[in-house]
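# Topology and contacts: notes
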Amino acid sequence: MTAQSQIPAHTLRAAVVHGRMNRRAWLVTGALVVFQIINFADKAVIGLVADSAMRDLGLTAGEFGFIGSAFFFLFAIAAVAVGFLAGKVPTRWIILTMGISWAVLQFPMLFGGGAAVLLVTRILLGAAEGPATPISLQHVHGWFPAKERGLPSSLVAIGSTLGPIIAAPALAWIIANPALGWRWAFGFLGIVGLLWSLCWLLIGRDGPYSHTARKPGSEAEPETAGGLAPEEPAPETDPEGRSARGRSIADKADLLKIVPIRRVLGTRMFVAAVLAGAGCFWAQGFLTTWSPKYLASVVALPPEMIGLYSTFPWLLGALALLGLGYGSRFLMRRGVTVRWALGALFGVTLLCSGICFLLLPGLQGGAAVAVVTLGAGLAMTYPLAPTAVAFAVCSKQRAAVMATLTGLASLGGVIAPAMVGSLMDSAGYVPAPKGVRETAEMAALLAEGMNSAFWMIGIYLIVVGVVSVLLLNPDRTASRLQEKFVYNG
């Protein structure tokens with residue numbers, strides 16, 4: 001008798017199911033990485049077309065900065081609204097709707113839209129992309145048990161940083177090509193978005209740990225490797241006999257019960273995450289709107305190099321997220337609390353980012369490129385904040401909490417483009433007319449305005465970095481909420 005024949009049939013079936021689900025989990029994760037790549041390419045395109053669009057449409061720095069900020073006008077509202085909706089419907093359909101919307105909203109600029117059309121489409125695109133990060137994280141969390149979520153969450157977040165890395169050189173080539181021009185940058189993104197949406201329609205599914213997974217005893221039990229559907233009532237002990245109250249939050253995240261969401265949003269942890277996230281979104285707003293202009297005018301890079309250098313902060317952000325994702329997974333597997341494995345790592349990263357921004361005004365040339373890359377790249381680690389906060393609530397409430405966090409934090413993205421543009425105007429900067437080379441005097445005034453912004457955001461990031469280390473503690477928050485509203489409720 002072979003060794004395989006001695007294995008019970010149900011054990012073999014469970015192993016096959018586990019392998020199949022594991023492959024599907026990583027396939028869905030890969031699709032969401034591409035989803036986030038498109039998401040942030042859509043954001044980055046406005047910065048890459050800045051010089052051409054400002055000249056062709058006759059816009060001042062302040063007016064173009066306002067259009068950059070307009071992306072975030074409905075971002076927060078849509079993020080919160082869709083986050084609460086995601087607690088009631090499968091997130092696969094929400095993601096599909098977002099993908100199609102992003103694609104369709106690119107085409108008006110391809111077909112000759114002016115400044116007003118650019119403003120309106122950026123507002124609508126911001127509304128369509130507002131829920132992207134929390135819904136993507138909610139969806140990928142549905143495919144992995146709690147202790148394994150750090151790495152796939154970081155991979156999905158890395159998609160956010162890979163968007164500009166992959167898209168910037170291609171979009172820069174399109175913009176510089178006389179046969180295409182800057183409007184085709186929008187058209188290219190629209191086509192890519194439609195192709196991705198078709199692929200997602202074929203492979204997108206909700207996972208066995210999602211809030212929509214069927215419970216044991218229903219007609220079709222979910223094919224989970226662990227056998228326990230995440231939304232069945234929390235048992236008093238786990239399979240090893242530990243009480244639900246005594247386990248770390250990484251052990252019992254899928255066993256948490258619903259608590260009043262207003263109490264979650266009022267915790268010190270949530271407030272700290274919002275303040276920290278606002279600083280991250282400020283950096284994103286700067287990168288997607290003004291970074292190419294900074295590289296062209298202040299660092300004096302040639303046009304053909306701007307697309308490449310614009311990718312550096314995003315590349316560093318991707319590496320930081322990958323490293324922190326592996327680090328958090330390593331620490332949590334060894335029993336380190338979520339506070340130290342995620343919250344504290346995130347806070348220290350923001351602290352380093354703030355120091356870089358404070359140093360930036362005194363630097364020029366290659367040193368300025370290196371420090372703006374490091375400062376802005378480290379601020380790309382925002383997804384660690386909602387990932388950490390999500391450990392404090394049950395799966396049905398994760399999307400709503402993460403979306404509300406993202407919506408409120410996105411106010412930093414509203415402020416950044418308009419703030420930088422306004423400071424440039426106040427310094428006396430005036431964009432050169434179409435076909436006219438920018439003078440050294442105007443470049444100096446542009447740098448003066450941007451340096452003022454760097455001082456402000458540097459101080460802010462240092463403060464919120466320290467606050468995050470002290471207060472971003474989902475372990476304590478979850479325990480207090482469960483004790484107050486579940487065990488003593």
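Because the structure is predicted, anything quoted here is derived from the model rather than measured.

### Some details on the environment of Ser-395
In this structure, Ser-395 sits in helix 20 (residues 395-409). Residues Ser-395 and Gly-87, spaced 308 residues apart in sequence, show a C-alpha to C-alpha distance of 8.3 Å.

### Some remarks on helix 4 (residues 75-85)
Of the residues making up helix 4, those classed as buried are Phe-75, Ala-76, Ala-78, Ala-79, Val-82 and Gly-83. The arc enclosing the buried residues of helix 4, seen along the axis, measures out at 165°, which places them on a common side.

### Points about the environment of Met-424
In this fold, Met-424 is placed in helix 21 (residues 411-427). Take Met-424: its relative accessible area is 0%, and that puts it in the buried class. With 18 residues separating them in the primary sequence, Met-424 and Met-442 have C-alpha atoms 9.9 Å apart.

### Digging into the packing of helix 3 (residues 61-70) against helix 7 (residues 115-129)
Close contact between helix 3 and helix 7 brings their axes to 8 Å; oriented N to C, the two are set at 30°. One finds that helix 3 runs roughly parallel with respect to helix 7. Here helix 3 contributes Phe-66, Ile-67 and Ala-70 to the contact with helix 7, which in turn contributes Ala-115, Leu-118, Leu-119, Arg-122 and Ile-123. Classifying every residue of the contact of helix 3 with helix 7 gives seven nonpolar, no polar and one charged.

### Observations concerning the packing of aromatic side chains
All told, the structure shown has 21 aromatic pairs when counted by the stated rule. Members of the aromatic cluster, each reached through a chain of ring pairs, are Phe-71, Phe-72, Phe-75, Phe-281 and Tyr-382. Of note, Arg-92 hangs over the ring of Trp-93, and the distance from its end group to the ring centre comes to 4.3 Å.

### Let's talk about the pattern of salt bridges
Enumeration over the complete set of coordinates arrives at two salt bridges. With its nearest N and O atoms 3.3 Å apart, the salt bridge here joins Glu-148 to Arg-329. Remark: Arg-329 occurs in helix 16 (residues 312-333) and Glu-148 occurs in the loop between helix 8 (132-141) and helix 9 (150-176); sequence separation between them is 181 residues. Here Glu-148 ties to Arg-333 by a salt bridge, and the two come within 3.1 Å at their closest N and O atoms. Here Arg-333 lies in helix 16 and Glu-148 lies in the loop between helix 8 and helix 9, a separation of 185 residues in the sequence. The exposure class of Arg-333 is partly exposed, given its relative accessible area of 45%. When salt bridges that share partners are traced, they join Glu-148, Arg-329 and Arg-333 into one network.

### Looking at helix 10 (residues 183-203)
Compared with an ideal rise of 1.5 Å per residue, which puts 21 residues at 30 Å, helix 10 spans 31 Å between its outermost C-alpha atoms and is within 8% of the ideal. Ala-185, Phe-186, Gly-187, Leu-189, Gly-190, Gly-193, Trp-196, Ser-197 and Trp-200 are the residues of helix 10 that are buried.

### Comments concerning the nonpolar core
The biggest cluster of nonpolar side chains holds 125 residues, and the ones touching the most others in it are Trp-282, Phe-286, Tyr-294 and Met-450. Those residues in contact with Tyr-294 that lie beyond four places of it in its chain are Phe-286, Val-299, Leu-360, Ala-368, Val-372, Met-450 and Phe-454.

### Examining the confidence of the model for the protein
Any segment with low pLDDT has predicted coordinates that should not be analysed in fine detail. Confidence in the prediction of the protein, expressed as mean pLDDT, is 82, and 86% of residues score 70 or more. Put simply, helix 11 (residues 249-252) is where the protein has its lowest mean pLDDT, 66, and helix 17 (residues 338-359) is where it has its highest, 95. The low-confidence segment residues 9-18 (pLDDT under 50) makes four contacts with residues lying over four places distant or belonging to another chain. Counting interchain partners and residues more than four positions distant, the pLDDT-below-50 stretch residues 215-246 has 49 contacts.

What counts and how
- Residues numbered from 1 in each chain as written.
- Predicted model: local features only at pLDDT ≥ 70, side-chain atom pairs only at ≥ 80, totals over all residues.
- Heavy atoms only, no water.
- Helix = DSSP H or I, 4+ residues; strand = E, 2+ residues; numbered from the N terminus.
- Buried < 20%, exposed > 50% of the residue type's maximum accessible area, 1.4 Å probe, protein only.
- Arc of directions from axis to C-beta.
- Axes fitted to C-alpha atoms, helices over the stretch in contact; angles between N-to-C directions.
- Parallel < 35°, antiparallel > 145°, perpendicular 65-115°, else oblique.
- Contact = heavy atoms within 4.5 Å.
- Nonpolar A, V, L, I, M, F, W, Y, C, P; charged D, E, K, R; others polar.
- Phe/Tyr/Trp six-rings, centres within 6.5 Å; stacked < 30°, edge-to-face > 60°.
- Lys NZ or Arg CZ within 6 Å of the ring centre and 35° of its normal.
- Salt bridge = Lys/Arg side-chain N within 4 Å of Asp/Glu carboxyl O.
- Expected span 1.5 Å × (residues − 1).
- Core = buried A, V, L, I, M, F, W, Y, C linked by side-chain atoms within 4.5 Å.
- pLDDT = per-residue confidence, 0-100.

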